[in-house]
Amino acid sequence: SELRFRTVLENLINVAVQAYKPDGTVTFWNKTSEEYYGYTRDEMLNKNILDIFFQNDSQREHEIQEMQKILETRVMPKPEEITMINKFGSTISFIANRMLIQRSNNELEFFCFDIDITERKKAEAEIIKLNEELENRVIERTAELQQTLDKLQESNIELKLLNEEVVENTNKILLLNDELITSQQKLKEAIASKDRFCSIIAHDLRNPFVVLLNNSELLEKYYQKMDDAEK
């Protein structure tokens, strides 16, 4: 059963599983842990996990106290969110679940199950950033709309005054239009009189011009053959 249990944990995808003794000596390190933390199994087995991940004295002391508390009470802590830097220098975030298991030889062993939430944290940070930008844009847009509203109210007052002026000008235009219609009628009558006058003048001038044109053509055509009296 223990072998099958460890085989399952070894091939568990997307969950980094580590096991270590109460003194911190690593006894199990699955493939996902290698990918996640950057340390191979050979680098971690039989090494003290406290020396690698808790180099800060205060953090190390806190972790030792937590482990001792679990050993004394056998009460497992709630899953906690942890952010750290892996071997590659990348910041990773994960949900850590820890439990205490008693092996067949009665030895106790801590098992940690870590679920990667790095991308989720990045997405959350991006959402927070976008929300802040959106709030700023809403504030700016609200201020712009208020300014626009104030200008619109001013424009409404100006529009009302212009409307009154338009009504007044419209009445003037109507009066001018009546005068224009009367002027057009008089102009039509004047044009008709002019056309009749021109028609009469054209009729009176037609015959003399015909005579002049005919004589001019005869002179042009037979000038050299005419004597002075005929010319």
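In what follows, the accompanying structure is described.

The rules we used
Residues numbered from 1 in each chain as written. Predicted model: local features only at pLDDT ≥ 70, side-chain atom pairs only at ≥ 80, totals over all residues. Heavy atoms only, no water. Helix = DSSP H or I, 4+ residues; strand = E, 2+ residues; numbered from the N terminus. Buried < 20%, exposed > 50% of the residue type's maximum accessible area, 1.4 Å probe, protein only. Polar contact = N/O pair within 3.5 Å; in protein donor to acceptor, adjacent residues only side chain to side chain. Contact = heavy atoms within 4.5 Å. Pairing = 2+ DSSP bridges. Core = buried A, V, L, I, M, F, W, Y, C linked by side-chain atoms within 4.5 Å. Axes fitted to C-alpha atoms, helices over the stretch in contact; angles between N-to-C directions.

### Comments concerning the side chain of Arg6
And step 1. Along the chain, the position of Arg6 falls in helix H1 (residues 2-10).
And step 2. Arg6 gets classed as buried once you look at its relative accessible area, which sits at 16%.
And step 3. A polar contact of 2.7 Å, which involves the side chain of Arg6, links it to the side chain of Glu109.
And step 4. If we ignore the near neighbours within four places in the chain, the residues touching Arg6 are Thr27, Phe28, Arg103, Glu109 and Phe111.

### A look at the pairing of strand S2 (residues 26-29)
Here is the key point about a regular strand: its side chains alternate between the two faces of the sheet.
And step 1. Alignment of strand S1 (residues 15-20) against S2, held across three bridges, turns out to be antiparallel. What sits directly across from Tyr20, in S2, is Val26.
And step 2. Between S1 and S2, which pair antiparallel one after the other, the connecting turn spans five residues, and Gly24 there sits at a positive phi close to 100 degrees.

### Things to note about the nonpolar core
And step 1. Tyr37, Phe53 and Phe110 are the most contacted members of the largest nonpolar core, which has 20 residues in total.
And step 2. Breaking this core down by element, the ones donating at least two residues are S1, S2, helix H2 (31-37), helix H4 (49-53), helix H5 (57-73), strand S4 (91-102) and strand S5 (108-116).
And step 3. Broken down by element, the residue count for this core peaks at four residues, all from S4.
And step 4. Counting seven residues, the second-largest nonpolar core is a separate cluster that includes Ala19, Phe28, Phe111 and Phe113.

### Considering the sheet that holds S5
And step 1. Pairing is antiparallel across the open sheet formed by five strands, whose spatial order is S2-S1-S5-S4-S3. For this open sheet the edge positions go to S2 and strand S3 (80-85), each flanked by a neighbour on one side alone. Pairwise comparison of adjacent strand axes, ignoring direction, gives a mean angle of 30 degrees for this sheet.
And step 2. Packed onto the sheet, helix H6 (residues 118-222) meets S3, S4 and S5 and runs at close to 135 degrees relative to S4.

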